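# Structural overview
Single-letter residue listing:
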Amino acid sequence: MSDMYTAIVFITGFILLITAVDAITNQLVSRKNKSEIVLLCLFIGIAIFCEWTGVKTNGADVSLIWLHKLAKLVEFCVAPLISIAAAIAYGKLERPKFVAALLTAHAVFEVVALFNNWVFSVDADNIYHREGLYWIYIVAFVLSVVYCFICIVQGNKKYQARFCSVLILILCFLAAGIGLQMFHSEIRVDFMCVAIGNLLLYNYRGNIVNQIDMTTQLLNRICYERKIENIKTSAYVLIFDINKFKQINDTYGHAEGDRCLMLVAQQIHAVYGKHGSCYRIGGDEFCVIMHKHLDKLDDLNCKFHNSLDKLTADNVNLYGVAVGYALYDNKQTDIRTVIAEADEKMYQNKHTNTVVG
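So, here's what we can say about the structure. Nothing here was measured: the structure is a model prediction, and the numbers come from that model.

Helix and strand content of the chain: 12 helices and 6 strands. What you see for the chain is a C-alpha radius of gyration of 27 Å, clearly larger than the 21 Å of a compact globule of 357 residues, by over 25%. With the principal axes as the frame, the chain shows a C-alpha extent of 90 × 45 × 35 Å. Among the 357 residues that make up the chain, the fraction classed as buried is 47%. The contacts in the chain between residues at least 6 apart in sequence include a share of 70% that link residues at least 24 apart. Approximately 18,100 Å² of the chain is accessible, and the part contributed by carbon and sulfur atoms is 62%.

Below is the structure:
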């Protein structure tokens, strides 16, 4: 059993190494995010190394009792920190000061508990035992995992991520691995599952990055093409185009043009994002495929133009946005015909300055 566990630790180390090296060499990952992912892998590595040290010293020479206790202490302190590091790497950390205070309090508790045998003890024969307050460590670890996934879901909302089912499955996978060891302490697969979960989250985040336009954070042209190839339900297709965008670039520079793109994209997503998918389909052109609450389109268009009026008033370099839309009926019309109709009405809007549909 000891040799099998050593093999698990060895495999886990390679999983962490692969994740870290891929992050470091991935040009789509920012420098800051590279550091966060590598640090996360390091924390997982420290935790499983300490667990392995505890296993190897359990029942060994009594002169190693101090090493056994130290390894378990570090493992128990680092384990909840792993989830927080994952929240930073793959999501948006909520209330960081409060979280830091809780992590500090937990670490202090574990140190105090070590000298009082509250959470675990190592007897005179260097044998490890769980004690009465071991459940506090488990609760801290589980809550940190749940908190991590909340942060990841919140952080990925701006990317229009619709993969919550994937996150739920990853969470279930982690729960299974952790729960298995809770009920069968001799089956030590918890940190291997954490390492695999980390790799899955890394791939999940990579899938999101590959689907977004980096300037506007809307879905990109590839996602748009796949969507219209596979659209199966009735939907409104809305086409947006920024007025005099070439003039903005030529007069004020591309940095100002990118800023205008971001401002308009934020307004489109804020108004229509809950009712459909928002895309940047090229240059200064955007598209919304609105497949929910179709009866609210007029209200949403009014809301968008009210917000756009305020936006143009606050940004004199932005000259407005033309909009056109058409209804796609999956039983009677062709999606390309509907897109062309919405596009034509958008150009009409450029001349009339009213939404055409």
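Pairing in this open sheet of 4 strands is antiparallel, and the strands run S4-S5-S3-S6 from one edge to the other. Whereas interior strands pair on both sides, the edge strands pair on one side only; in this sheet they are strand S4 (276–282) and strand S6 (321–328). For this sheet, the mean inter-axis angle between neighbouring strands, taken without regard to orientation, is 20°. Sheet topology places strand S3 (residues 235–242) next to strand S5 (residues 285–290); 6 bridges connect them, and they run antiparallel. For Tyr 236, the partnering residue across the bridge sits in S5 and is Met 290. Along the sheet, helix H10 (residues 254–272) makes contact with S3, S4, S5 and S6, crossing S5 at roughly 10°.

You can see Glu 256 is positioned in helix H10. Owing to a relative accessible area of 14%, Glu 256 belongs among the buried residues under this scheme. Not counting residues up to four positions away in its chain, the partners in contact with Glu 256 are Ile 248 and Asn 317.

Further remarks concern the environment of Phe 109. The topology assignment puts Phe 109 in helix H4 (residues 96–116). In the structure, Phe 109 is positioned 27 residues away from Ile 136 in sequence and 9.7 Å away in space, judged by C-alpha atoms. Leaving out residues up to four positions away in the same chain, Phe 109 has contacts with Trp 118, Val 119, Leu 133 and Ile 136.

All right, on to a nonpolar patch on the surface then. A cluster of nonpolar side chains, Phe 10, Ile 11, Phe 14, Leu 17, Ile 18 and Val 21, forms an exposed patch at the surface whose accessible area comes to about 600 Å². Note on placement: Ile 18 falls in helix H1 (residues 2–25).

We now examine the packing of aromatic side chains. By the definition in use, this model includes 14 aromatic pairs. Aromatic side chains Tyr 224 and Tyr 279 sit 5.7 Å apart centroid to centroid with 65° between the ring planes, which places their arrangement in the edge-to-face category. With a gap of 55 residues between them, Tyr 224 in helix H8 (residues 221–230) and Tyr 279 in strand S4 connect regions that are remote in the sequence. According to the relative accessible area criterion, Tyr 224 is buried, its value standing at 3%. With 5.6 Å between their ring centres and 65° between their planes, Phe 240 and Tyr 272 make a pair best called edge-to-face. Highlighted residues: Phe 240 in strand S3 and Tyr 272 in helix H10, separated in sequence by 32 residues. Pairwise contacts between aromatic rings join Phe 76, Phe 120, Tyr 128, Tyr 134, Tyr 137 and Phe 141 into one cluster. The residue whose ring lies beneath Arg 95 is Phe 98, and the NZ or CZ to ring-centre distance is 4.8 Å. In this structure, Lys 244 is placed above the aromatic ring of Tyr 319, and the distance from its NZ or CZ to the ring centre is 5.2 Å.

Okay, helix H2 (residues 31–57) next. Across its 27 residues, H2 extends 39 Å between first and last C-alpha, which sits within 8% of the 39 Å expected from 1.5 Å per residue. Two residues or fewer after H2 comes Gly 59, characterised by a positive phi angle close to 80°.

We now examine the nonpolar core. Ile 82 and Tyr 90 are the most contacted members of the largest nonpolar core, which totals 57 residues. Among the elements of the structure, H1, H2, helix H3 (65–90), H4, strand S1 (120–122), helix H5 (134–155), helix H6 (164–183) and helix H7 (190–211) are those that each provide at least two residues to this core. Broken down by element, the residue count for this core peaks at 12 residues, all from H3. Leave out the neighbours within four places in its chain, and Ile 82 touches Leu 40, Phe 43, Ile 44, Ala 47, Phe 191 and Val 194. Core analysis: the second largest hydrophobic core is formed by 28 residues, Leu 218, Ile 248, Leu 263 and Leu 311 among them.

The next thing to look at is unusual backbone geometry. One non-glycine residue, Asn 117, lies in the positive phi region at around 55°. Note that Asn 117 resides in the loop between H4 and S1. Judged by its relative accessible area of 39%, Asn 117 is partly exposed. Positive phi outside glycine occurs at Lys 244, with the angle close to 55°. In this fold, Lys 244 is placed in the loop between S3 and helix H9 (245–252). Under the relative-accessibility criterion, Lys 244 is labelled exposed at 51%.

Here we come to empty space enclosed by the protein. This model, assessed by the stated rule, comprises 2 cavities of 30 Å³ or more. In terms of lining residues, the largest cavity is bounded by 14 residues, among which Ile 82, Ser 83, Ala 86, Leu 174 and Val 194 are the most central. Of all the secondary structure elements, the ones that give two or more residues to the lining of the largest cavity are H2, H3, H5 and H7. A class-by-class count of the residues in the lining of the largest cavity yields 11 nonpolar, 3 polar and no charged.

The rules behind these values
Residues numbered from 1 in each chain as written. Predicted model: local features only at pLDDT ≥ 70, side-chain atom pairs only at ≥ 80, totals over all residues. Heavy atoms only, no water. Helix = DSSP H or I, 4+ residues; strand = E, 2+ residues; numbered from the N terminus. Rg over C-alpha atoms; globule rule 2.2 N^0.38 Å. Buried < 20%, exposed > 50% of the residue type's maximum accessible area, 1.4 Å probe, protein only. Contact = heavy atoms within 4.5 Å. Areas by Shrake-Rupley, 256 points an atom, 1.4 Å probe, with all protein chains shown as cover. Pairing = 2+ DSSP bridges. Axes fitted to C-alpha atoms, helices over the stretch in contact; angles between N-to-C directions. Patch = residues over 30% accessible without salt bridge, like charges linked within 9 Å, V, L, I, M, F, W, Y side chains within 5 Å. Salt bridge = Lys/Arg side-chain N within 4 Å of Asp/Glu carboxyl O. Phe/Tyr/Trp six-rings, centres within 6.5 Å; stacked < 30°, edge-to-face > 60°. Lys NZ or Arg CZ within 6 Å of the ring centre and 35° of its normal. Expected span 1.5 Å × (residues − 1). Core = buried A, V, L, I, M, F, W, Y, C linked by side-chain atoms within 4.5 Å. 1 Å grid on protein atoms, 1.4 Å probe; cavity = no way out; pocket = protein on both sides within 12 Å on 5 of 7 lines; lining within 4 Å. Points joined across faces, edges and corners; volume = space filled by probe spheres on them. Nonpolar A, V, L, I, M, F, W, Y, C, P; charged D, E, K, R; others polar.

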